[in-house]
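Descriptive structure summary
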Amino acid sequence: MKYGDGQPVKLGDIVSVPINGKCHRAHVVVISSNEYLPCIDEDTVAWMYSCGHLGSEQVLVQWLADNPVKEWSDANLPTGAIREDYAPMSDTLSTSLLGIELLRRK
């Protein structure tokens, strides 16, 4: 899986996620190929895959500041995003890489 500029996506990457004309910082905690950071428990990962919340071309990001979509309806989310209302980690977003830019590697 690669960003728009061709760089490979890696766990822990700090990224910029565009939402309604603003960019929000997050880090990649799950990659669709069953790679995830130790801070994500295996039950959460199993739940995401079994419910279809993480497709083959998606990542799960965890916000580095306040969750910008916490109070929004699904219509306000970026293209390809699924709000994780029922996920144990409520400060996450499952999304495609469309528009997401790598800011730095951890």
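Residues numbered from 1 in each chain as written. Predicted model: local features only at pLDDT ≥ 70, side-chain atom pairs only at ≥ 80, totals over all residues. Heavy atoms only, no water.

Points about helix H1 (residues 42-50)
Heads up, the condition is: Partly exposed residues are those whose accessible area sits between 20% and 50% of the maximum for their type, while under 20% is buried and over 50% is exposed, using a 1.4 Å probe and protein chains only. Helix and strand labels come from DSSP, where a helix needs a run of H or I of at least four residues and a strand needs a run of E of at least two; each type is numbered from the N terminus. This arc corresponds to the set of directions leading from the helix axis out to the C-beta atoms. Two residues form a contact once any of their heavy atoms are found within 4.5 Å.
Where H1 is concerned, the buried positions are Thr44, Val45 and Met48. End-on, the buried residues of H1 take up no more than an arc of 100 degrees, which puts them together on one face. For H1, exposure combined with an orientation more than 90 degrees from the buried face picks out Glu42, Asp43 and Ser50. Where the residues of H1 are buried, they touch strand E2 (22-31), strand E3 (35-36) and strand E4 (58-63). Of the residues trailing H1, Gly52 is marked for its positive phi of about 75 degrees.

Concerning the pairing of strand E6 (residues 92-96)
The test is simple: Strands were regarded as paired on the criterion that DSSP finds at least two bridges between them.
Burial analysis of E6 places five of its five residues in the buried class, the great majority of the element. Examined bridge by bridge, E4 and E6 share five bridges and lie antiparallel to one another. Within E6, the residue paired with Gln62 across the bridge is Thr92.

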